[in-house]
Amino acid sequence: MPEERGSVRYLVDDVDAAVAFYTGRLGFVLAADARPALAELVRGPLRLILSGPASTARRPMPDGRTPAAGGWNRIHLVVDDLDAEASRLRAAGVAFRNDVLSGPGGRQVLVEDPSGNPVEIFEPAGA
């Protein structure tokens, strides 16, 4: 049966810390729990799989490279009021990679989860 949600896998250093961040700061709900190896979270149509060091997703590749957290690919969360959301996240101690940027499609800022994975918080133009 095809997935009804889009899925993203993030490699994390600490599944407990990542679950606390995504559920406590960004509105995700815990859907499946296989800690310490992994956890599955959902927010609307997005399924986020958090894979810790004990998960199969973290095993070395045949060429010796080891998958690691903290790249630049990211999930993209849409909000109505970017300034209010950024203020709320800053007050909660969330790490930011940059300041709010404006472009033709809207405004965005990048925050980091506890393992350094980026999450884009985006306000569409005209919101």
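Criteria and cut-off values
Residues numbered from 1 in each chain as written. Predicted model: local features only at pLDDT ≥ 70, side-chain atom pairs only at ≥ 80, totals over all residues. Heavy atoms only, no water. Helix = DSSP H or I, 4+ residues; strand = E, 2+ residues; numbered from the N terminus. Lys, Arg positive; Asp, Glu negative; His and termini not counted. Charge placed at Lys NZ, Arg CZ, Asp CG, Glu CD. Phe/Tyr/Trp six-rings, centres within 6.5 Å; stacked < 30°, edge-to-face > 60°. Buried < 20%, exposed > 50% of the residue type's maximum accessible area, 1.4 Å probe, protein only. Lys NZ or Arg CZ within 6 Å of the ring centre and 35° of its normal. Core = buried A, V, L, I, M, F, W, Y, C linked by side-chain atoms within 4.5 Å. Contact = heavy atoms within 4.5 Å. Pairing = 2+ DSSP bridges.

Engineer: Would you explain the overall build of the protein chain in this entry?
Structural biologist: Scanning the protein chain for helices and strands turns up two helices and nine strands. Taken from the N to the C terminus, the helices and strands of the protein chain come in the order β-α-β-β-β-β-α-β-β-β-β. Taking the principal axes of its C-alpha atoms as reference, the protein chain extends roughly 45 × 35 × 25 Å. Looking at the protein chain, you have 14 positive and 17 negative side-chain charges, and the mean spots of the two groups are 4 Å apart.

Engineer: What is the right way to look at the packing of aromatic side chains in this model?
Structural biologist: For any two aromatic rings, the description comes down to two numbers: the centre-to-centre distance and the angle of the planes. This model, assessed by the stated rule, comprises two aromatic pairs. Relative to Phe28, the ring of Tyr22 lies with its centre 5.5 Å away and its plane at 90 degrees, an arrangement referred to as edge-to-face. Of the two residues, Tyr22 and Phe28, neither departs from the other in class, the shared state being buried. Each member of the aromatic cluster is reached from another via a ring pair, and the members are Phe21, Tyr22 and Phe28. The ring of Phe96 carries the charged tip of Arg90 above its face, separated from the ring centre by 4.0 Å. The ring of Trp72 is capped by Arg97, whose NZ or CZ atom sits 4.1 Å from the centre of that ring.

Engineer: Can you help me understand the nonpolar core in this one?
Structural biologist: Nonpolar side chains in soluble globular proteins generally cluster together in the buried interior. In this structure, Tyr22, Leu26, Phe28, Leu50, Ile75, Val119 and Ile121 are the most contacted members of the largest nonpolar core, which totals 24 residues. If you list the elements that add at least two residues to this core, you get helix 1 (15-25), strand 3 (38-43), strand 4 (46-51), strand 5 (75-78), helix 2 (82-91), strand 8 (106-112) and strand 9 (118-124). Considering every element that reaches this core, the biggest residue donor is helix 1, with five residues. Not counting chain neighbours up to four residues away, the residues in contact with Ile75 comprise Val8, Tyr10, Tyr22, Phe28, Leu46, Leu48, Pro118, Val119 and Glu120.

Engineer: Looking at this structure, I do not really get the pairing of strand 3. What am I missing?
Structural biologist: Remark: a regular strand shows side chains that alternate across the two faces of the sheet. Strand direction decides the pairing type here: strand 2 (residues 29-34) and strand 3, joined by five bridges, are antiparallel. From the neighbouring strand, Ala34 faces strand 3, where its bridge partner is Leu38. Hairpin geometry of strand 2 and strand 3 is characterised by an intervening segment of three residues between the two adjacent antiparallel strands. In this sheet, strand 4 lies alongside strand 3 in antiparallel orientation, the contact comprising six bridges.

Engineer: What is the right way to look at unusual backbone geometry in this model?
Structural biologist: With an omega dihedral of 10 degrees, the bond running from Arg35 to Pro36 counts as a cis peptide bond. Locating Pro36 in the fold gives a position in the loop between strand 2 and strand 3.

Interpretation in functional terms is not warranted from these geometric data alone.
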